[in-house]
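Coordinates in review
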Amino acid sequence: MAPAPPEDLQCAANGNCAAPPRKPPPAPAGGDGVLRWLRRCVEAAGKGFAIGAGLKGGLALFSVLVRIRSRRSPRSRKAGAMTNEEAVVLALKETLRYGLFLGTFAGSYVSVDEYIAAVWGRKRTARWRSLLAGLIAGPSMLLTGPGTQHTSLAIYILMRAAVLASRCGIKSKRFGKICKPLTWSNGDIFLMCLASAQILSAYILNQDSLPSSYKSFLNKHGGKDLTILQGVKDIVNHTALNNLAGIEKYYKSVGVDIKLDPNMKVPCPIVHGNQSCTEHVFSFLLQAYGRAVPVYVPVYLVPALVVHRQHLMKRPYTILGKSLLGIARSSMFLSVYCASAWAWTCLLFRTFQSANTPLVILGTFPTGLALFIEKKSRRIEISLYCLARAIESFFTCLTDAGLCPPILQIKRADVVVFGIATSIIMHCYAQEREVFRSKYLNVLDWVFGVPPPLDNEGKSGYLPDDEAKRCQ
């Protein structure tokens, strides 16, 4: 260190020196920094749009192709039904809306994040900046349509946020003991059992509480005609059986001649006709497996052809073998899940010689044990997806019964829930990155860029994904 000049030593001795002027705070960024921020915002918005449009567009394309294939004959189309041209136009609109939704979410999050960092400092605002940016970006969900509710999606994202928050709590010194029960290895199975009790009970007793698309899925894989479900519902609710003739007519159309007792107390004859409960479980299982395979073929083969195409060229037998094994395993899970729902309810009905709502709930609870068939890495995804559907159905039932608190009857509660969930997720992404699985973290890094170190105040923008990998 250089010695102080004589003038400074004399001022210090006399004690009448003015304090040296403070250095002005550094400017938020120069022209290059602004350009980097702008580039990050544009890139995030473009990548978000690509993800939203790609996912929704792929699903819409598959739906349109299935529709065209099933309605080749003009006579097969019902009066007043949507034409194929109208379905294509609707699919394009939905694709554009979801692209704008995720593009606007990514762009607005990055804009708010960069603005706060530029004005108040990146390190100073690190603890709350991403939390606020995620919350502000949440209302971008409205771009999917002002009258379109996405309650299931919002609840699912909230469940994902809760999982991340619980992981943060587990590794926290303050909340580690409180979150200790969350480390239970089979917690995903328990969540699946809870979700199954609500979903399958609603499938039998109150289908109107389920989203229309999910209701169609359950009606297909539940394997029972609506007249049969109505008959079971009448017995469970202890109402008059007014549609026995319709149930008998349905069974006659499939080659089963049956005469039902209007005074029956147990609905097993309605569920499986002349079969015994045991025979019905095995025959239903085989039929359910045939219905489940087409569901999982695209789930496993499309990633193999698109995501793992390079490995597919090098190791085709390994990749295809894993895909076929995944299809067989997931199809077995879905078929066992559906078959066990009827098996458990029949067992309880026969045991107690009665049918009521508590027995239906109790009988559908152990159905979630079928999730043990799936891979461990897929269990939490499936259980959280089903739990989101179950929560939506549960609160719909409460609302229909007039028991839902007024505070929960917000017109666009899905947007509020989505905003809260994204604020938690983006906070964890910026502050607790280790709680993410690598595949999710890679996607977020690709969209938003890798966050810079907190001690680097001069860094005005996030690193692009490819640049970050070179630096590591």
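Residues numbered from 1 in each chain as written. Predicted model: local features only at pLDDT ≥ 70, side-chain atom pairs only at ≥ 80, totals over all residues. Heavy atoms only, no water.

Things to note about the pattern of salt bridges
Two side chains bearing opposite charge may form a pair once their charged atoms approach each other closely. Applicable threshold: Salt bridges, as used here, are contacts in which a Lys or Arg side-chain nitrogen is within 4 Å of a carboxyl oxygen on Asp or Glu. Each residue is assigned to one of three classes by its accessible area relative to the maximum for its type, calculated with a 1.4 Å probe on protein chains only: buried under 20%, partly exposed between the two thresholds, exposed over 50%. Note on conventions: DSSP H or I runs of at least 4 residues are helices, E runs of at least 2 residues are strands, and numbering of each starts at the N terminus.
Under the counting rule described, the total for this entry stands at eleven salt bridges. For the salt bridge of R412 with D414, the shortest nitrogen-to-oxygen distance reads 2.9 Å. A relative accessible area of 14% means that R412 is categorised as buried. For R433, the salt bridge goes to D445, with nearest N and O atoms at 2.9 Å. Separated by twelve residues along the polypeptide, R433 in the loop between helix 16 (413-431) and helix 17 (438-448) and D445 in helix 17 bring together distant segments of the chain. Residue R433 is classed as partly exposed on the basis of its relative accessible area of 21%. For D445, a relative accessible area of 6% gives the class buried.

Here's the deal with helix 17
Stated precisely, the cut-off is as follows: Each C-beta atom gives one direction from the helix axis, and the arc is the one those directions make.
Taken together, the buried positions of helix 17 are occupied by L441, L444, D445, V447 and F448. Down the axis, helix 17 shows its buried residues gathered within 165° of arc, on one side only.

Some points on a positive patch on the surface
The condition is simple: Patch membership needs two things, relative accessible area over 30% and no salt bridge, and members are linked within 9 Å if like-charged or within 5 Å if nonpolar (Val, Leu, Ile, Met, Phe, Trp, Tyr). All accessibility values rest on the Shrake-Rupley procedure with a 1.4 Å probe; residue burial counts only the protein chains present in the view. Just so you know, the count uses Lys and Arg for positive and Asp and Glu for negative, and it drops His and the chain ends. Charge coordinates come from a single atom per side chain, which is NZ of Lys, CZ of Arg, CG of Asp or CD of Glu.
Judged by side-chain charge, K314, R315, K322, R329, K375, R437 and K439 come together as a positively charged surface patch. The topology assignment puts K322 in helix 13 (residues 316-352).

Points about unusual backbone geometry
In this structure, H238 takes a positive phi of about 60° despite not being glycine. By the secondary structure assignment, H238 is in the loop between helix 8 (226-236) and helix 9 (244-253). Look at Q353: it is not a glycine, yet its phi comes out positive at around 50°.

Examining the state of the cysteines
Note the cut-off: For this text, the term disulfide refers to a pair of cysteine sulfurs within 2.5 Å.
On inspection of all chains with the given rule, the structure shows zero disulfides. No disulfide involves C428; its sulfur sits 3.8 Å from that of C168, the nearest cysteine. Owing to a relative accessible area of 3%, C428 belongs among the buried residues under this scheme.

Here we look at helix 9
So the rule is basically this: Residue contacts are defined here by distance: any two heavy atoms, one from each residue, within 4.5 Å place the two residues in contact.
Turning to helix 9, its buried residues number three or more, namely L244, I247, E248 and Y251. The arc that holds every buried residue of helix 9, seen down its axis, measures 100°, which confines them to one face. Opposite the packed face of helix 9, turned more than 90 degrees from it, sit the exposed residues A245, K249 and S253. Buried residues belonging to helix 9 abut helix 8 and helix 10 (268-272). Two residues or fewer after helix 9 comes G255, characterised by a positive phi angle close to 85°.

Section: the packing of aromatic side chains
What counts here: For Phe, Tyr and Trp, rings pair up if their centres lie within 6.5 Å, where Trp contributes its six-membered ring, and each pair is then called stacked (planes under 30 degrees apart), edge-to-face (over 60) or tilted (otherwise).
Counted by the stated rule, this structure contains 14 aromatic pairs. Plain terms: the ring middles of Y203 and W342 are 6.5 Å apart, the flat faces sit at 65° to each other, and that makes the pair edge-to-face. Of the two residues, Y203 sits in helix 6 (residues 187-205) while W342 sits in helix 13, which places them 139 residues apart along the sequence. Pair check on accessibility: Y203 and W342 agree, each one buried.

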